[in-house]
Amino acid sequence: MKAENEQRTGLLYGLGAYGIWGLVPLFWPLLRPSGAIEILAHRMVWSVVVVGLALLALRRWSWMAELLRQPRKLALTALASVLIAVNWGTYIWAVNNGAVVEASLGYFITPLVSIGLGVLVFGERLRRVQWAAAGIGLAAVLVLAIAYGRPPWLSLVLAGTFALYGMLKKKINLGGLESLTAETVLLFLPALGYLVWLAARGESTFASQGTGHSLLLAATGLITAIPLVLFGAAAIRVPLSTLGLLQYMAPMFQFGLGVVYFHEAMPPARWAGFSLVWAALAILTWEALRTARRSRAVRPAAAPATAVAPAREPA
């Protein structure tokens with residue numbers, strides 16, 4: 001019963017995290033006339049404040065000394081911080097420049113890019129179903145390139161940076177709150193320096209657009225930290241297969257907002273390209289669920305053999 005309650009709670013946390021990420025396109029336009037880089041700099045600065053207060057409350061500081069003693073891990077963290085900064089900045093620019101649908105495509109194709117990285121970087125071998133999904137995904141990108149009259153660069157940048165970021169996060173192996181702290185701390189001084197430079201040139205919008213605008217810019221720290229904390233709470237309570245399904249919530253919400261709320265154009269060719277992407281993701285999801293079911297079925301069968309193994313005679 002307790003396990004069921006934990007899973008139910010974890011599911012709610014997951015829905016909260018991906019729901020916020022899915023609805024965040026409604027927030028960035030509120031920050032106009034701030035530009036994408038200024039918003040990104042505020043996001044970095046205020047995130048440090050939020051996560052710093054959270055770590056102070058939780059008294060979780062020991063990981064910092066350990067990270068500083070590992071130059072390779074610190075270098076990977078710095079690279080991850082650059083990738084997530086490019087990802088965040090590109091996404092903010094896309095939303096505020098009428099490209100919410102194209103941005104959502106980036107997060108739809110991230111799993112397919114991750115598969116490609118697995119093959120190219122780690123030499124992973126794909127099953128036939130995964131090859132089929134990857135082929136359909138590539139066809140989708142080609143169809144969308146024809147539909148847009150150009151490659152979907154925004155989508156490819158978002159997918160590429162986020163897939164590489166996820167790969168580095170696996171290598172770094174820090175908790176969600178800790179990794180966000182490390183990444184934002186590494187970018188804090190450049191972000192703060194940029195904001196000071198903007199203010200010195202009289203181009204900062206932080207103080208010139210009223211108190212409400214200043215509070216909204218400060219709230220970028222909460223918008224960044226809250227869903228990540230919810231995601232961390234979900235990750236320890238629900239199976240990875242469930243989290244894998246939940247991750248499609250965010251780009252689905254973003255796509256829906258782009259079409260219904262922001263009234264972005266969706267000619268038939270774009271619908272065709274997105275349909276191919278969704279077909280590829282459906283195949284990947286089916287394959288992942290089938291593999292998970294097989295793994296659960298094999299474990300109980302293996303248990304008796306393990307139990308009787310100690311009774312064997314010495315060789």
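Scroll up to find the structure this text is about.
Reading the values: the criteria
- Residues numbered from 1 in each chain as written.
- Predicted model: local features only at pLDDT ≥ 70, side-chain atom pairs only at ≥ 80, totals over all residues.
- Heavy atoms only, no water.
- Phe/Tyr/Trp six-rings, centres within 6.5 Å; stacked < 30°, edge-to-face > 60°.
- Helix = DSSP H or I, 4+ residues; strand = E, 2+ residues; numbered from the N terminus.
- Expected span 1.5 Å × (residues − 1).
- Buried < 20%, exposed > 50% of the residue type's maximum accessible area, 1.4 Å probe, protein only.
- Contact = heavy atoms within 4.5 Å.

Chemist: Even after reading the chapter, I still don't get the packing of aromatic side chains, so can you show me in this structure?
Modeler: One pair of aromatic rings is described through two measures. These are the centre distance and the angle between the planes. With the rule as written, the count across this model stands at 17 aromatic pairs. Ring centres of Phe255 and Trp271 lie 5.5 Å apart, and the angle between their planes is 80°; on these two criteria the pair is classed as edge-to-face. Linking Phe255 in helix α12 (residues 249-261) with Trp271 in helix α13 (residues 268-308), this pair joins segments that are 16 residues apart in sequence. Taking 4.9 Å as the distance between ring centres and 45° as the angle between the ring planes, the aromatic pair formed by Phe255 and Phe274 counts as tilted. Of this pair, Phe255 sits in helix α12 while Phe274 is found in helix α13, placing the two residues 19 residues apart along the sequence.

Chemist: Help me understand helix α7 (residues 153-172) in this model?
Modeler: The end-to-end C-alpha separation of α7 is 28 Å, in line with the 28 Å expected for 20 residues at 1.5 Å each. Of all the residues in α7, the buried ones are Leu154, Ser155, Leu158, Ala159, Gly160, Thr161, Ala163, Tyr165, Met167, Leu168 and Ile172. Residues of α7 that are buried sit in contact with α4 (71-96), α5 (100-122) and α8 (176-200).

Chemist: When you look at helix α2 (residues 36-58) in this model, what are you seeing that I'm missing?
Modeler: Because each turn of an α-helix spans 3.6 residues, side chains separated by three or four positions end up pointing in the same direction. With 23 residues, α2 should reach 33 Å at 1.5 Å per residue; the first-to-last C-alpha distance of 32 Å fits that figure. Residue Arg59 follows α2 closely and has a positive phi angle near 55°.

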